[in-house]
Amino acid sequence: ARHFLARAKARHDLGAYVALNEELTLAQARAADARIAAGSAAPLEGVPLAHKDIFVTRGLPSSAGSKMLAGYQSPFDATVVRQLAQAGAVTLGKLNCDEFAMGSSNENSAVAPWGHPGPAPVRNPWDRSRIPGGSSGGSAVAVAARLAPAATGTDTGGSIRQPASFCGITGIKPTYGRASRYGMIAFASSLDQAGPMARSAQDCALLLSAMCGPDPDRDSTSLDRPAEDFSRALNEPIAGLRIGLPAEFFGAGLAADVRAAVDAALGEYEKLGARLVPISLPRTELSIPVYYIIAPAEASSNLSRFDGVKFGHRARDYTDLADMYCKTRAEGFGAEVKRRIMIGTYVLSHGYYDAYYLQAQKIRRMIVDDFQNAFRHCDLIAGPVAPSVAWKLGEHGNDPLANYLADIFTLPASLAGLPCMSLPAGFGAAGMPVGLQLIGNYFGEAGLLNAAHRLQ
Ligand code: GLN
């Protein structure tokens, strides 16, 4: 813990951490040492971890990258945080993310990283002039730059996989409902899912085993499925495994360098005896408009709780209640969050609901069916995580659509609630890391982790 705390502080230029509490970390580490000495060590005893700042934590502020929650102290731990602590993990600190997890570049955080006087971008350790990806950018950077052995992330439409890919690490989003959402500051509740980000599939398996499990009293969408030992199936042979390659993931939009790295990784699978099977996910392109209707719709509802009354920021000067709401929300939310609240409110409003939200829900159902059709021909699906390597800070400037379009390969599995992951596949343009995406059928996490482990 001391080593990683020192690393975190020494590399504050990367902007990964937003909060440290050394006293708390060292107290937890000493308690872990005592349990090890007493011979009662839990599976992750003494392993230092850092949490994305979207998880609420006691003893450390929880801001979700927003001015709205700057300095907010939660009276309780998120279920995932509690479960990891029960498994012996020691909390190093909180990690930067896009505001309310809305973003693909981590450029949307309104919070000052640790050691910085004001908001500053999270930098990709492979090239500090590039974005780390988002929204779990701080988590990916902390692991890639060895500021933490592993971290938690959340993935609503790609936020574990894409930053993992851009920073050259491994991350997995389990089947929707496997990990409790209790204490994860909500963005889009039908999509949000927690998962680990680490150096290897093996480490992800250890963490995921502690993160999953039913939480019926606190998250009604958590599934009644017992926690599993995801390490058990690592090292299984994959000869005969059918890996589906969706034609739509390898089309014109895919950069040649990314394609080359992904092809090389697929070639390795063939050498291990896997079979590459052409498949189709015909509604891949539609996943962008569908996601960017459903996610903002849910966000507009979830974020209505930030009204200046219950917690978080409240405007100083106001004339009456309505004025207080308006000023609080105008001051507290950043531009991207406001954009999504407006889109979400619009698509849910009378007269537009049928044209947008309902249509999107119908197509979401078809995307689910497309995957089930594909899984008749293959055991898992592989492809790129993103169309390009990490882009330059500021490159997408004021063009939110450029960010949205880059989510094309991660959104389909999110909309279907399928388990999916990113593992390092090599390097592309400018020596930047490229990730390989693997998508499994429901509850196929163990198989995904095994397949990833075979390449590592
Ligand atoms: N990039 C997507 C978005 O901006 C996904 C974010 C996420 O998974 N949290 O919504």
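Look a little higher up for the structure.
Residues numbered from 1 in each chain as written. Predicted model: local features only at pLDDT ≥ 70, side-chain atom pairs only at ≥ 80, totals over all residues. Heavy atoms only, no water.

1. Things to note about the overall build of the protein
Then comes step 1: Tallying secondary structure elements over the protein gives 14 helices and eleven strands in all.
Then comes step 2: For the protein, the C-alpha radius of gyration of 21 Å lies close to 23 Å, the compact-globule estimate for 456 residues.
Then comes step 3: Along the longest, intermediate and shortest principal axes, the C-alpha atoms of the protein span 65 × 65 × 45 Å.
Then comes step 4: Out of the 456 residues belonging to the protein, those deemed buried represent 58%. (Helix = DSSP H or I, 4+ residues; strand = E, 2+ residues; numbered from the N terminus. Rg over C-alpha atoms; globule rule 2.2 N^0.38 Å. Buried < 20%, exposed > 50% of the residue type's maximum accessible area, 1.4 Å probe, protein only.)

2. A closer look at the site of the ligand
Then comes step 1: Taken together, the neighbourhood of the ligand is formed by 15 residues, with S104, G157, S159, Y291 and R340 sitting nearest.
Then comes step 2: G157 places a polar main-chain atom, nitrogen or oxygen, 2.6 Å from an oxygen atom of the ligand.
Then comes step 3: Expressed as a share of its isolated accessible area of 300 Å², the protein-covered part of the ligand is 99%.
Then comes step 4: Taking a 2 Å distance to the grid points as the criterion, the majority of the atoms of the ligand fall inside the largest cavity.
Then comes step 5: Residue composition of the shell around the ligand, grouped by class: five nonpolar, seven polar and three charged. (Near = heavy atom within 4 Å. Polar contact = N/O pair within 3.5 Å; in protein donor to acceptor, adjacent residues only side chain to side chain. Areas by Shrake-Rupley, 256 points an atom, 1.4 Å probe, with all protein chains shown as cover. 1 Å grid on protein atoms, 1.4 Å probe; cavity = no way out; pocket = protein on both sides within 12 Å on 5 of 7 lines; lining within 4 Å. Sits in = over half its atoms within 2 Å of the grid points. Nonpolar A, V, L, I, M, F, W, Y, C, P; charged D, E, K, R; others polar.)

3. A look at the environment of Q28
Then comes step 1: Positionally, Q28 belongs in helix α2 (residues 22-37).
Then comes step 2: For the pair Q28 and V90, spaced 62 residues apart in sequence, the C-alpha separation works out to 5.6 Å.
Then comes step 3: Those residues within four positions of Q28 in sequence are excluded, and the remaining contacts are A89, V90 and T91.
Then comes step 4: Reaching out from Q28, the side chain makes a polar contact with the backbone nitrogen of T91 at a distance of 2.7 Å. (Contact = heavy atoms within 4.5 Å.)

4. A word on the layout of surface pockets
Then comes step 1: Taken as a whole, the largest pocket spans an internal volume of roughly 340 Å³.
Then comes step 2: Lining the largest pocket are 15 residues; nearest its centre among them are G183, M184, I185, A186 and R305.
Then comes step 3: Residues of the lining of the largest pocket, tallied by class, amount to ten nonpolar, one polar and four charged. (Points joined across faces, edges and corners; volume = space filled by probe spheres on them.)

5. Focus on the packing of aromatic side chains
Then comes step 1: Taken as a whole and judged by the stated rule, the model has 16 aromatic pairs.
Then comes step 2: Relative to Y182, the ring of F76 has its centre 5.0 Å away and its plane inclined at 25°; by these criteria the two rings are stacked. Linking F76 in the loop between β2 (48-52) and α3 (79-86) with Y182 in the loop between β5 (170-173) and β6 (193-198), this pair joins segments that are 106 residues apart in sequence.
Then comes step 3: Of the residues examined, Y182 reaches a relative accessible area of 28% and is grouped as partly exposed.
Then comes step 4: Plain terms: the ring middles of F100 and F306 are 5.0 Å apart, the flat faces sit at 45° to each other, and that makes the pair tilted. With F100 in the loop between β3 (90-95) and α4 (137-144) and F306 in the loop between α8 (287-302) and α9 (321-332), this residue pair connects regions lying 206 residues apart in the sequence.
Then comes step 5: A relative accessible area of 0% places F100 in the buried class.
Then comes step 6: Aromatic rings pair up to connect Y72, F100, F306, F311 and F333 into one cluster.
Then comes step 7: Of note, R225 hangs over the ring of F443, and the distance from its end group to the ring centre comes to 3.8 Å. (Phe/Tyr/Trp six-rings, centres within 6.5 Å; stacked < 30°, edge-to-face > 60°. Lys NZ or Arg CZ within 6 Å of the ring centre and 35° of its normal.)

6. Quick notes on the state of the cysteines
Then comes step 1: All told, the structure shown has zero disulfides when counted by the stated rule.
Then comes step 2: For the unlinked cysteine C167, the closest cysteine sulfur is that of C204, found at 14 Å.
Then comes step 3: Free of any disulfide, C204 has its nearest neighbouring cysteine sulfur in C212, separated by 12 Å.
Then comes step 4: By relative accessible area, which is 0% here, C204 ends up buried. (Disulfide = S-S within 2.5 Å.)

7. Overview of unusual backbone geometry
Then comes step 1: For the bond running from G134 to S135, omega is 5°, close enough to zero to count as cis.
Then comes step 2: Mapped onto the elements, S135 comes out in the loop between β3 and α4.
Then comes step 3: Its identity is not glycine, yet R146 carries a phi of approximately 60°, on the positive side.
Then comes step 4: Mapped onto the secondary structure, R146 falls in the loop between α4 and β4 (150-155).
Then comes step 5: Since its relative accessible area comes to 35%, R146 is described here as partly exposed.
Then comes step 6: If you check the backbone angles, N235 has positive phi at about 80° while not being a glycine.
Then comes step 7: Topologically, N235 is positioned in the loop between α6 (201-211) and β7 (242-246).

8. Some points on the nonpolar core
Then comes step 1: Within the largest apolar cluster, 111 residues are counted, with the highest numbers of intra-cluster contacts made by L84, F100, Y269, F371, L436, L438 and L449.
Then comes step 2: Ranked by residue count, the leading element in this core is α8, at nine residues.
Then comes step 3: Ignoring sequence-local partners within four residues, the contact set of L436 consists of V262, A265, L266, Y269, A382, G383, V385, M421, S422, L423, A425 and L455.
Then comes step 4: Counting residues in each nonpolar core, the second largest holds 26 residues, with A8, A145, L147 and I160 among its members. (Core = buried A, V, L, I, M, F, W, Y, C linked by side-chain atoms within 4.5 Å.)

9. Here's the deal with the packing of α8 against helix α11 (residues 353-374)
Then comes step 1: Direction vectors running N to C along α8 and α11 enclose 125°, while the axes themselves pass 9 Å from each other. Of the possible angle classes, the one that applies to α8 and α11 is oblique. You can see that α8 and α11 cross each other, and the crossing is left-handed. Residues S287, V290, I293, I294, A297 and E298 of α8 form the contact with α11, whose participating residues are Y356, Y357, A360, Q361, I363, R364 and I367.
Then comes step 2: Residues of the contact of α8 with α11, tallied by class, amount to nine nonpolar, two polar and two charged. (Axes fitted to C-alpha atoms, helices over the stretch in contact; angles between N-to-C directions. Parallel < 35°, antiparallel > 145°, perpendicular 65-115°, else oblique. Left-handed = near helix turned anticlockwise from the far one by under 90°.)

10. Here we look at the pattern of salt bridges
Then comes step 1: This structure, assessed with the given rule, holds 22 salt bridges.
Then comes step 2: Residue E45 pairs with R35 through a salt bridge whose shortest N-O separation is 2.8 Å. Within this pair, whereas E45 is found in the loop between α2 and β2, its partner R35 is found in helix α2, the two being separated by ten residues in sequence.
Then comes step 3: The exposure class assigned to E45 is buried, which follows from its relative accessible area of 12%.
Then comes step 4: Of the residues examined, R35 reaches a relative accessible area of 33% and is grouped as partly exposed.
Then comes step 5: As a salt-bridge pair, D219 and R181 come within 3.3 Å of each other at their nearest N and O atoms. Taken as a pair, D219 in the loop between α6 and β7 and R181 in the loop between β5 and β6 lie far apart in primary sequence, 38 residues in all. Each member of the pair, D219 as well as R181, is classed as buried.
Then comes step 6: Connected through salt bridges with shared partners, the residues R178, E228, R232 and E445 form a single ionic network. (Salt bridge = Lys/Arg side-chain N within 4 Å of Asp/Glu carboxyl O.)

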